[in-house]
Amino acid sequence: MARYTGPKTKISRIFGEPITGNGKWLTKNSNPPGMHGATRKRKTLGEYALQLREKQKAKYTYGLLEKQFRKTFDEAARRKGVTGENLIKLLEARLDNTVFRMGIAPSRQAARQLVSHKHVTVNGEVLNVPSYSCVPGDVIGLKDKSAANTAISANLRGKNAKFSWLDWSEAEVKGTFIAYPERESVPENIKEQLIVELYSK
């Protein structure tokens, strides 16, 4: 299964944001990576560079590589509505992201591992495909054995109230994907229109 395995702090320093989850290292060293760090003179980014940077930010945020990200964009372009908003909706509907948003895992990387290791169920059936696209009505939870595992249950933190497109029952350790989120409800700092412009070239 393709995934990024490089240094996560370096990625966060490139963008100056904790896009890979933990931002504690940015307070210690927020300079861009490279031998010269903050002293290096950096040119003003051109139009293409800004568009490419935004695409890279989205890819690293949601943990996708290029081929998978392009397939998601193509699906967003085929759907009715605004392509950029459709892209964010599809990225948010990924199973690994939904597990993360529900508070079952502390990060998207941890959520991906839970799914891959067959701890997560969708509509009562074990599903180990992190890229599975949830649809409204899907019930996501943990296997009984997994829910009883202290290493997993210790990381359960519950759904953030601002994620209104998800429902979560702490007692049953399961939640429902109610609907695709509206763009203004998604907190990620991504300018999706730049990505649309990049792929439109």
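Residues numbered from 1 in each chain as written. Predicted model: local features only at pLDDT ≥ 70, side-chain atom pairs only at ≥ 80, totals over all residues. Heavy atoms only, no water.

Draft legend 1. Structural detail: the environment of Thr5. Tracing the sequence through the fold places Thr5 in the segment before α1 (8-15). On the accessibility criterion, Thr5 (60% relative accessible area) is exposed. Separated by 58 residues in the primary sequence, Thr5 and Gly63 place their C-alpha atoms 10.0 Å from one another. (Helix = DSSP H or I, 4+ residues; strand = E, 2+ residues; numbered from the N terminus. Buried < 20%, exposed > 50% of the residue type's maximum accessible area, 1.4 Å probe, protein only.)

Draft legend 2. Looking closely at the pairing of strand β4 (residues 166-169). Every second residue of β4 is oriented toward a common face, the buried set being Leu166 and Trp168 and the non-buried set Asp167 and Ser169. In this sheet, strand β5 (residues 174-177) lies alongside β4 in antiparallel orientation, the contact comprising four bridges. Within β5, the position partnered with Leu166 by the bridge is Phe177. Linking β4 to β5, which pair antiparallel, is a turn of four residues; within it Val173 sits at a positive phi near 50 degrees. (Pairing = 2+ DSSP bridges.)

Draft legend 3. Seen up close, the sheet that holds β4. Strand order in the open sheet made by the five strands is β2-β1-β3-β5-β4, with antiparallel pairing throughout. Only two strands of the sheet have a single neighbouring strand rather than two, namely β2 (125-126) and β4. The pairing of strand β1 (residues 120-122) with β2 spans two bridges and is classified as antiparallel. Each bridged residue has a counterpart across the sheet, and for Thr121 the counterpart in β2 is Val126.

Draft legend 4. Structural view of the nonpolar core. Counting residues in hydrophobic clusters, the biggest one holds 37 residues, and the most contacted among them are Phe69, Leu95, Val99, Ile104, Val120 and Ile140. Considering each element in turn, this core owes the most residues, four residues, to helix α4 (residues 83-92). Every residue in contact with Val99, bar those within four places of it in the chain, is listed here: Ile104, Ala105, Ala111, Val115, Val120 and Ile140. (Core = buried A, V, L, I, M, F, W, Y, C linked by side-chain atoms within 4.5 Å. Contact = heavy atoms within 4.5 Å.)

Draft legend 5. Broad picture of the packing of helix α3 (residues 66-78) against helix α9 (residues 192-199). Packing of α3 against α9 brings their axes to within 12 Å, and their N-to-C directions diverge by 95 degrees. Between α3 and α9, the angle is such that the two are roughly perpendicular. Contact with α3, carried on its side by Glu66, Phe69, Arg70 and Phe73, involves Ile195, Val196 and Tyr199 of α9 and no other residues of that element. Looking at the contact of α3 with α9, its residues break down into five nonpolar, no polar and two charged. (Axes fitted to C-alpha atoms, helices over the stretch in contact; angles between N-to-C directions. Parallel < 35°, antiparallel > 145°, perpendicular 65-115°, else oblique. Nonpolar A, V, L, I, M, F, W, Y, C, P; charged D, E, K, R; others polar.)

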